[in-house]
Amino acid sequence: MMNSIEQLQQQFPVLAELDQSGMEILARAQRVELPADQIVFHQGDACNNYIIVVSGTVKVLGRNAAGREIVLYRIEQQGSCVLTTSCLLGEEAYPAEGITETDVVAFLIPLAEFRKALAESESLRRFIFDSYGERLAKMIGLVQEIAFERIEKRLARYLIEHCGPGYILLRSHQEIADELGTAREVVSRQLKAFEQKEWIALSRNQILFVNKDAIRIKGQA
């Protein structure tokens, strides 16, 4: 089995040329394997490790006091967690929850080693902040979509991006609402409007695409 440095360098070519301090820090990273549907961190938990996902997907979602959820982003293969980085830098608790959507292999760098990476390893420091900047930009994009784009456009784009084999999407209205950061009633009303235009056909937890081109055009409009 490859050691932690070899596996991380294989997944992240940018780590191929580490300085000595970076090599020592990665050598102490803990490899973890998590099954699907397992909590990685709870909202309010202390943040003690920098997370690097090498395979699988972790869904990060926010939840308000009323229990309404929104999917903020996913940590996917070859990814790090922007909230984890932010919490480690600011010494704050997690403001959201992380759940594995698939089996996940990840490496954990403890807080003390994370601080050492920032202070002593130029290559790891660059990796951490480059990853942080890239994922922060995506989160800002999500905020802009929610704030400024009409729900019918966002919903149409979501349907196109997640359409499965046979032009069918197996997803409940609540699941779609969580992904889009809106209420289930809003999604149900808009899906019904699409159905009335004969773009889709609705059944329980299933959406059949009748006119995929029309939905695609709506998502781009």
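Note: the structure precedes this text.
What counts as what
- Residues numbered from 1 in each chain as written.
- Predicted model: local features only at pLDDT ≥ 70, side-chain atom pairs only at ≥ 80, totals over all residues.
- Heavy atoms only, no water.
- Helix = DSSP H or I, 4+ residues; strand = E, 2+ residues; numbered from the N terminus.
- Buried < 20%, exposed > 50% of the residue type's maximum accessible area, 1.4 Å probe, protein only.
- Areas by Shrake-Rupley, 256 points an atom, 1.4 Å probe, with all protein chains shown as cover.
- Lys, Arg positive; Asp, Glu negative; His and termini not counted.
- Charge placed at Lys NZ, Arg CZ, Asp CG, Glu CD.
- Salt bridge = Lys/Arg side-chain N within 4 Å of Asp/Glu carboxyl O.
- Axes fitted to C-alpha atoms, helices over the stretch in contact; angles between N-to-C directions.
- Parallel < 35°, antiparallel > 145°, perpendicular 65-115°, else oblique.
- Contact = heavy atoms within 4.5 Å.
- Phe/Tyr/Trp six-rings, centres within 6.5 Å; stacked < 30°, edge-to-face > 60°.
- Pairing = 2+ DSSP bridges.
- Core = buried A, V, L, I, M, F, W, Y, C linked by side-chain atoms within 4.5 Å.
- Expected span 1.5 Å × (residues − 1).

Asks: Could you give an account of the overall build of the protein chain, with specific residues and numbers?
Replies: Looking only at helices and strands, the protein chain features nine helices and eleven strands. With the principal axes as the frame, the protein chain shows a C-alpha extent of 65 × 35 × 30 Å. Here the protein chain holds 221 residues, and the buried ones make up 44% of them. Accessible surface for the protein chain amounts to roughly 11,700 Å². Of this, 49% is attributable to carbon and sulfur atoms. Charged side chains of the protein chain number 25 positive and 30 negative; the gap between the two group centres comes to 8 Å.

Asks: Go over the pattern of salt bridges, please, and point to the residues and values.
Replies: The final tally for this structure, using the stated rule, is 17 salt bridges. The closest approach of N and O atoms between Arg-115 and Glu-91, which form a salt bridge, is 3.0 Å. Remark: Glu-91 occurs in the loop between helix H3 (82-90) and strand S7 (97-100) and Arg-115 occurs in helix H4 (residues 111-120); sequence separation between them is 24 residues. Each of Glu-145, Glu-149, Lys-153 and Arg-157 takes part in a single network of salt bridges with overlapping partners.

Asks: Which residues make up the packing of helix H6 (residues 151-162) against helix H8 (residues 184-196), and what values go with them?
Replies: Remark: H6 packs on H8, axes separated minimally by 10 Å, with the N-to-C direction vectors making an angle of 75°. Taken together, H6 and H8 sit at an angle that is classed as roughly perpendicular. The segment H6 lies against H8, with Ile-151, Glu-152, Leu-155, Ala-156 and Leu-159 engaging Val-186, Val-187, Gln-190, Leu-191 and Phe-194.

Asks: So what about the packing of aromatic side chains? Which residues, and what values?
Replies: Scanning the entire structure with this criterion turns up four aromatic pairs. Aromatic side chains Phe-41 and Tyr-94 sit 3.8 Å apart centroid to centroid with 5° between the ring planes, which places their arrangement in the stacked category. Placement of the pair is Phe-41 in strand S2 (residues 39-41) and Tyr-94 in the loop between H3 and S7, with a sequence separation of 53 residues. Consider the rings of Phe-194 and Trp-199, whose centres lie 5.2 Å apart with planes at 35°: the pair is tilted. Accessibility assignment for this pair places Phe-194 and Trp-199 in one class, buried.

Asks: Account for the side chain of Asp-178, with residues named and values stated.
Replies: Along the chain, Asp-178 falls in helix H7 (residues 173-180). Buried charge without a partner: Asp-178 forms no salt bridge, and the closest opposite charge is Lys-59, 6.6 Å away. Asp-178 has contacts with Glu-69, Ile-70 and Val-71, leaving out every residue within four places of it along the chain.

Asks: Report on the sheet that holds strand S9 (residues 168-169), specifying residues and quantitative values.
Replies: Read from one edge of the open sheet, three strands run S9-S11-S10, paired in antiparallel fashion. Edge positions in the sheet fall to S9 and strand S10 (200-203), since each has one partner strand and no second. For S10 and strand S11 (residues 206-209), the ladder comprises four bridges, and the chain directions are antiparallel. If you follow Ile-200 over to S11, its bridge partner there is Phe-209. Each of S10 and S11 is contacted by H8, which is oriented at about 130° to S10, the strand it contacts most.

Asks: Go over the nonpolar core, please, and point to the residues and values.
Replies: Ranked by internal contacts, the top residues of the largest apolar core, which has 42 residues, are Leu-8, Leu-15, Leu-26, Tyr-50, Tyr-73, Ile-109 and Phe-114. Ranked by residue count, the leading element in this core is strand S8 (residues 104-110), at six residues. When neighbours within four sequence positions are excluded, Tyr-50 is seen to be in contact with Ser-80, Thr-84, Thr-85, Leu-88, Phe-107, Leu-108, Ile-109, Phe-114, Phe-127, Ile-128 and Ser-131. The next biggest cluster of nonpolar side chains, apart from the first, holds 20 residues, and it includes Ala-156, Tyr-158, Val-187 and Ala-214.

Asks: Outline unusual backbone geometry, listing residues and values.
Replies: Its identity is not glycine, yet Glu-198 carries a phi of approximately 65°, on the positive side. Turning to its location among the elements, Glu-198 is positioned in the loop between H8 and S10. Classification of Glu-198 as exposed rests on a relative accessible area of 60%. Even without a glycine there, the phi angle at Asn-205 is positive, about 55°. Structurally, Asn-205 is set in the loop between S10 and S11.

Asks: Quick rundown of H8? Include the residues and the values.
Replies: For H8, with 13 residues, the first-to-last C-alpha span of 18 Å sits near the 18 Å given by 1.5 Å per residue. Taken residue by residue, H8 has Val-187, Ser-188, Gln-190, Leu-191 and Phe-194 as its buried positions. On its buried side, H8 packs onto H6, H7, S10 and S11. One or two positions beyond H8, positive phi appears at Glu-198, with a value near 65°.

From the geometry alone we can't say anything about function, so treat these as descriptive.
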